[in-house]
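Structural characterization, general
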Amino acid sequence: MNDRLRLTGTTAPAEPPPIPAAALRVRGRIAKAMLAAHALAPEDAIAFTPDPRDTAAFARMRATGVVREVPGGRFWFDLVAYHLRERARSRVLTMWGLPLALLAAVVIVMFY
């Protein structure tokens, strides 16, 4: 019984699951900089000042919750929010792209 009590709490904590490679595919300088710094969780937040040409994009990312701020002026990149936003953006582009492609095909056939 005493040996069992001494061993309690001596095992190493489990490793977090690996991030799939597809989840690390991002677009934009801000996202790539955050990934390069491994700022993917609140405890890994970094002090980040965007390039002057990226301030508008940084503000949009903060407003949509892709870049989150922790106390102390440090930021981290939320991959889940990023991919959800990209999926919604893709849906909107598809919703507009398919009818426009059909319209273009109809116009081309009419003038053939």
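For the structure itself, look to the data block above.
Residues numbered from 1 in each chain as written. Predicted model: local features only at pLDDT ≥ 70, side-chain atom pairs only at ≥ 80, totals over all residues. Heavy atoms only, no water.

Re the pairing of strand S2 (residues 67–70)
Looking along a regular strand, one sees the side chains alternate between the two faces of the sheet. Using the following cut-off: For two strands to be treated as a pair, DSSP must find no fewer than two bridges joining them. Think of it this way: any DSSP run of H or I at least four residues long counts as a helix, any run of E at least two long counts as a strand, and we number them from the N terminus.
Pairing geometry for S2 and strand S3 (residues 74–77), over 4 bridges, is antiparallel. Each residue of the ladder has a partner; that of Val67, found in S3, is Phe77. Counting the residues between successive antiparallel strands, the hairpin from S2 to S3 contains 3 residues, one of them, Gly72, with a positive phi of roughly 100 degrees.

Overview of the packing of helix H2 (residues 29–36) against helix H3 (residues 55–64)
Put simply, the rule reads: Note on geometry: axes are C-alpha line fits, over the in-contact stretch for helices, and angles between N-to-C directions span 0 to 180 degrees. Note on terminology: angles under 35 degrees are roughly parallel, angles over 145 are roughly antiparallel, angles of 65 to 115 are roughly perpendicular, and the others are oblique. Residues count as neighbours in contact if any of their non-hydrogen atoms are within 4.5 Å of one another.
Across the interface, H2 lies against H3 with an axial gap of 10 Å and an inter-helix angle of 70 degrees. Between H2 and H3, the angle falls in the class roughly perpendicular. Residues Ile30, Ala31 and Met34 of H2 touch H3, and the partners they reach there are Ala57, Phe58 and Met61.

A look at the pattern of salt bridges
Filter applied, for reference: When a carboxyl oxygen of Asp or Glu is within 4 Å of a side-chain nitrogen of Lys or Arg, the pair counts as a salt bridge. Relative accessibility under 20% of the residue-type maximum defines a buried residue, over 50% an exposed one, and the middle range a partly exposed one, all with a 1.4 Å probe and only protein chains included.
For the coordinates displayed, the defined rule picks out 6 salt bridges. Asp54 serves as the salt-bridge partner of Arg29, at 2.6 Å between the closest nitrogen and oxygen. You can see Arg29 sitting in helix H2 and its partner Asp54 sitting in the loop between strand S1 (46–47) and H3, a full 25 residues away along the chain. The partly exposed category is assigned to Arg29, whose relative accessible area is 47%. Connected through salt bridges with shared partners, the residues Arg27, Glu86 and Arg89 form a single ionic network.

Section: the pairing of S3
Looking at chain direction, S1 and S3 are connected through 2 bridges and run antiparallel. Bridge assignment links Ile46 to a residue of S3, and that residue is Phe75.

Comments concerning the sheet that holds S1
The 3 strands lie next to each other as S1-S3-S2, forming an open sheet whose pairing is antiparallel. Bordering the open sheet on either side are S1 and S2, each of which pairs with just one other strand. Sitting on the sheet, H3 touches S2 and S3, and the angle it makes with S2 is about 75 degrees.

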